[in-house]
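Now for the letters of each chain:
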Amino acid sequence: MKLYIKAIVFIILIQSVVVDLSAQEITKNIEEMTREEILNIPYDELIELPLDQLLKLADIVGVSLEELYEMILNKDVVSASKKVESSFEAPLSTSVVSYDEIVSSGARTIEEALRLVPGMIVREKTNGNFDIHIRGNDNLPSNHMTLYSENSISLVMIDGRPVYNYVHGGTFWESLPIGIVDVDRIEVVRGASSALYGPNAVSGVVNIITKKQNKKELSIVGDVEGGSLSTFKTNIGIGKGLGEKFAFRVTGNYLKMERTSDLLYVYLAKGGNGGYITKQELEDLDNPSSPGYKVFDPSDDIDAMYPNPKLARESMGANAYLFFNASEDVSADVKFGFQNSDVISSTMGDNPTPFVGRLSNTGYFDINGKIKNLNLKINGVSGWQDIVRQDTGFKVDLKTINASAEHNIKLNNLEIRPGFYYQLASYDDREYINQVGDGFLNGEKQLLSSAASLRVDYRPIEKLRFIAALRGEKYNTHDDPYFSYQLLGVYSINENNLFRVGYSKANRGPFIIDSYANYLWVRDGRPDPGYIYFQGNENLNLLTMNLLEVGYRWKPVKNIQVDVEGFMTNTVNYSALYPDSVNLNIGDRPYARMTYQSIDLESKQMGVTAVLSYVATENLIIKAFGTYQKTTVYNSIPDVQDKTIQDMLVTATVAYTVSGTITSSEAFTDERIDEKTHKWTPAVFGGLTIDYKFLDKRANIFSSTYFYTSEIFEGKYGVREIDGRMIQNIKLSYNLNQSLVLFVNARNIIGKKIEFPYMDETEPVFLGGLTIKIN
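Residues numbered from 1 in each chain as written. Predicted model: local features only at pLDDT ≥ 70, side-chain atom pairs only at ≥ 80, totals over all residues. Heavy atoms only, no water.

## Re the overall build of the protein chain
Thought 1: The helix and strand inventory of the protein chain stands at 13 helices and 44 strands.
Thought 2: Across the 775 residues of the protein chain, 57% fall into the buried class.
Thought 3: Accessible area of the protein chain: about 30,800 Å², with a carbon and sulfur share of 55%. (Helix = DSSP H or I, 4+ residues; strand = E, 2+ residues; numbered from the N terminus. Buried < 20%, exposed > 50% of the residue type's maximum accessible area, 1.4 Å probe, protein only. Areas by Shrake-Rupley, 256 points an atom, 1.4 Å probe, with all protein chains shown as cover.)

## A word on the packing of aromatic side chains
Thought 1: Summed over all chains, the structure comprises 22 aromatic pairs.
Thought 2: Relative to F440, the ring of F394 has its centre 4.6 Å away and its plane inclined at 55°; by these criteria the two rings are tilted. Residue F394 is located in the loop between β18 (374-386) and β19 (395-407), and its partner F440 is located in the loop between β21 (414-428) and β22 (444-461); the two are separated by 46 residues in the primary sequence.
Thought 3: Linked through ring pairs, Y265, Y267, Y276, Y717 and Y758 together constitute an aromatic cluster.
Thought 4: Residue placement shows K125 over the ring face of F756; its charged tip is 4.9 Å from the ring centre.
Thought 5: The lysine or arginine in question, K731, covers the ring of F743, its NZ or CZ lying 4.2 Å from the ring centre. (Phe/Tyr/Trp six-rings, centres within 6.5 Å; stacked < 30°, edge-to-face > 60°. Lys NZ or Arg CZ within 6 Å of the ring centre and 35° of its normal.)

## Quick look at the sheet that holds strand β9 (residues 204-210)
Thought 1: Taken in spatial order, the 5 strands of this open sheet run β3-β8-β9-β6-β7, and their pairing is mixed. For this open sheet the edge positions go to β3 (93-98) and β7 (161-162), each flanked by a neighbour on one side alone.
Thought 2: Relative to β9, strand β8 (residues 183-190) runs antiparallel, the two sharing 7 bridges. Looking at the pairing, R185 lines up with I209 of β9. (Pairing = 2+ DSSP bridges.)

## Observations concerning the pairing of strand β17 (residues 355-371)
Thought 1: Relative to β17, strand β16 (residues 330-346) runs antiparallel, the two sharing 17 bridges. Looking at the pairing, F336 lines up with F365 of β17.
Thought 2: Note that β17 and β18 share 13 bridges and pair antiparallel. In the strand pairing of β18, I367 is matched with I378.
Thought 3: Counting the residues between successive antiparallel strands, the hairpin from β17 to β18 contains 2 residues, one of them, K372, with a positive phi of roughly 55°.

## Side note on the confidence of the model for the protein chain
Thought 1: Summarising the model, the protein chain shows a mean pLDDT of 86, and 84% of its residues fall at 70 or more.
Thought 2: This stretch, residues 1-28, has a pLDDT under 50; its non-local contacts, to residues over four places away or in other chains, come to 43 contacts. (pLDDT = per-residue confidence, 0-100. Contact = heavy atoms within 4.5 Å.)

## Focus: the nonpolar core
Thought 1: Among the nonpolar cores identified, the biggest contains 95 residues, and L114, M120, I186, V206, I208 and Y427 are the most heavily contacted of them.
Thought 2: In contact with M120, other than residues within four places in its own chain, are L114, I132, H133, I134, V188, V206, F685 and Y706.
Thought 3: By size, the runner-up hydrophobic cluster in this structure holds 21 residues, among which are Y265, L285, Y306 and F355. (Core = buried A, V, L, I, M, F, W, Y, C linked by side-chain atoms within 4.5 Å.)

## Quick look at a nonpolar patch on the surface
Thought 1: A cluster of nonpolar residues, L487, Y491, I493, F499, V501, Y503, L548, V550, Y552, W554, M568 and M606, forms a patch on the protein surface that exposes about 1,000 Å² of accessible area.
Thought 2: Among the secondary structure elements, those contributing two or more residues to the nonpolar patch are β24 (482-494), β25 (497-507) and β28 (544-557).
Thought 3: Within the secondary structure, Y552 sits in strand β28.
Thought 4: For Y552, a relative accessible area of 31% translates into the label partly exposed. (Patch = residues over 30% accessible without salt bridge, like charges linked within 9 Å, V, L, I, M, F, W, Y side chains within 5 Å. Salt bridge = Lys/Arg side-chain N within 4 Å of Asp/Glu carboxyl O.)

## So, the pairing of strand β10 (residues 219-227)
Thought 1: Relative to strand β11 (residues 231-242), β10 runs antiparallel, the two being bridged by 9 bridges. Counted as the bridge partner of G227 is T231 from β11.
Thought 2: As consecutive antiparallel partners, β10 and β11 are separated by 3 residues, and within that stretch L229 has a phi angle of approximately 55°, a positive value.
Thought 3: In terms of strand pairing, β10 meets strand β44 (residues 765-774) through 8 bridges, oriented antiparallel. Looking at the pairing, E225 lines up with G769 of β44.

## Focus: unusual backbone geometry
Thought 1: Here L140 and P141 are connected by a cis peptide whose omega angle stands at 0°.
Thought 2: Locating P141 in the fold gives a position in the loop between β5 (129-134) and β6 (154-158).
Thought 3: Not every positive phi belongs to a glycine, and K270 is a case in point at roughly 55°.
Thought 4: If you trace the backbone, K270 turns up in the loop between β13 (264-266) and β14 (275-277).
Thought 5: Look at K270 and you get exposed, because its relative accessible area is 56%.
Thought 6: Although it is not a glycine, N748 adopts a positive phi angle of roughly 55°.
Thought 7: As for its placement among the helices and strands, N748 is situated in the loop between β41 (740-747) and β42 (753-754).
Thought 8: Residue class for N748 comes out buried when judged on its relative accessible area of 2%.

## Looking at the environment of G179
Thought 1: Among the secondary structure elements, G179 is positioned in the loop between β7 and β8.
Thought 2: Residue contacts for G179: discarding those within four places in its chain leaves I110, N235 and N253.

## So, the pattern of salt bridges
Thought 1: Counted under the stated rule, the structure contains 36 salt bridges.
Thought 2: Here R185 ties to D184 by a salt bridge, and the two come within 2.8 Å at their closest N and O atoms.
Thought 3: For R185, a relative accessible area of 16% gives the class buried.
Thought 4: Of the charged contacts, one joins R430 and D428 as a salt bridge, the two residues approaching to 2.6 Å between their closest N and O atoms.
Thought 5: Among the residues examined, D428 registers a relative accessible area of 14% and is labelled buried.
Thought 6: A cluster of three or more residues bridged by salt bridges with shared partners is formed by R135, R190, R500, E549 and E565.

## What to know about the side chain of N137
Thought 1: Counting through the fold element by element, N137 comes out in the loop between β5 and β6.
Thought 2: Looking at N137, its side chain comes within polar contact range of the side chain of S603, at 2.6 Å.
Thought 3: In contact with N137, other than residues within four places in its own chain, are I153, M545, T569, T571, Y574, S603, Q605, T631 and T681. (Polar contact = N/O pair within 3.5 Å; in protein donor to acceptor, adjacent residues only side chain to side chain.)

## What about the environment of D366?
Thought 1: Topologically, D366 is positioned in strand β17.
Thought 2: Considering only alpha carbons, one finds D366 and G380, 14 residues apart in sequence, at a separation of 6.7 Å.
Thought 3: The contact partners of D366, leaving out residues within four places of it in the chain, are I158, D159, R161, D333, V334, K335, K377, I378 and N379.
Thought 4: There is a polar contact of 3.2 Å between the side chain of D366 and the side chain of K377.

## Quick look at the environment of D397
Thought 1: Of note, D397 is situated in strand β19.
Thought 2: Distance in space between the C-alpha atoms of D397 and S382 is 7.6 Å, their sequence separation being 15 residues.
Thought 3: Not counting residues up to four positions away in its chain, the partners in contact with D397 are G383, W384, S426, Y427, D428, E431 and Y432.
Thought 4: Here the side chain of D397 touches Y432 through a polar contact of 2.6 Å, side chain to side chain.

Here is the structure:
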């Protein structure tokens, strides 16, 4: 109910803006604009300006008209090397998606907008909820729980603030407090980047950069959108300068979507082959392999677990930003906000069904300060999350703190950037369990890390650039520190040709559950073993990736840019939950223990990504991109967990009759697969976008195509093949005036298909709405 009330407030606010439109007048005083303000003008707005104004802008910036277009089109990035540089000159595989491109594309969420980025694998689980990976290496180890397909090796940040889940690893995208209205641009770095951003930036980084308030005048932007599958989305952002040195911005967002079905997949339904059934059928569902046992524990409250099985996602957030610019050398930003979200997505545990609800209620703060070349940052998140709704032990209070200090020293052609970092991640389940022993943690558990880094950027000559970075991380769970590094070389053949090569090493950090699990599962109503104890391991080897990458950027003519990157990775030190022992003589039923263990699985990946950007005319922009890759895994285990436990039970019974303890090594011999091709990461994936303006630039049609080839998912409950898919989206917009835009938006218009195993069949969604913009 609270979410509905807040949504109504948003609607009323936007409606009040519409009423006031007639009293607003857009004015652009070109003579008073600064160089920074000019470079922040969106490309779409730039090409709509008259020629005389364009010439004035180019004169202020100090470039030709052609160079001005190039500077606007080839946006600056900071994520590739933590300093401002054009994306053409970035030393890593980097892509930028601007706010205007996201809005024009019709993407409903930040996650969906990542389908506009090369090298990204984006699968839709339920309506508006996505599985996202950079280059792949997902579903490893295979033949395991679904959670091992969650992306725990990519770091997601908002303005450099990690938004990472340290329980199992990964990102709960629906729990981001910001909406599209907050976004200035999204920068994606593909490849190992822990030397820059710390642990978990293994396969890459997604850095969401929020907007700054650069104008003194009041600025308002808002949108309302609705349509099929009960979709309702609204955003609002208001900003204003306060004198010469201060500015503020406040935003709000709300989103609600329904699933395409209210049925829930259950692995053991319909004769044990798995199938979709109703919520009402779940409670009495018998286990076909064990007559008399239920699939769900008798104590499970199905109505509480699935209060609304039709709901896919309901989320809202509010944010406030305060900007202070004392001078070019001294500035500070203060940001804070909160979010509340409720989704049905795939499990992070091991339930009889992959469909689980996930609730989050968190708030954050983020303070950034700059004093000349010294950058200081501190941020934190607190609140609670119910990771598997109504499953005892999964609801936790959380608290994270990150602090850093970095100093950039410039000495002619040499830049040196030392940095110091501190991180705390604390999770506590005591508030939500009846007694110690019911939870997965049974108390407060903490991950602490401190780190130091050094980055050197050297230009011996104008065309040649060398970059080296080293970072050492010390965790409270490990005795020895972990080191990550980058060695990069960039050679500008001329202004239109650039060659780069790099070698990097990155590691993943420890997780709460992997390190501290302390849970006894009493399996009433389920087959033996009657008890399973889950135990963490504080000394796991941390997953590590080594990356070799070469890249070439080429501008054959002024309006075409080609970017090709080849990559080769080697990933080791995987870990997973495996059976450890079985005892027949503890209590009234057999007892099994499972521990998180390091395994010798190894993944090697080779691939290439190509991007073609083409500004055909001032009204037509085309971008095509695609990735080809092959992933080979070594020393993989074909069967784990339940089968292993049953083998151990049989062995224990035969060997000891009524008593004794059997370890996994005594129960079975690992039948390792020496080498096989890993097919869950698609062999080919990519996209095509066409942005076209017509009717004197008052109308815009944006077509985005995303595709991937067939995939094979190997999970605990079997193997699922997902057919290749082409996803087509189209948004048509029409500017009624400078402030009001009407649009229609069609998503997934090419038929129905499952994109993620055991989850929903996505179907076409048709939407309409309006956007209001006052600058």
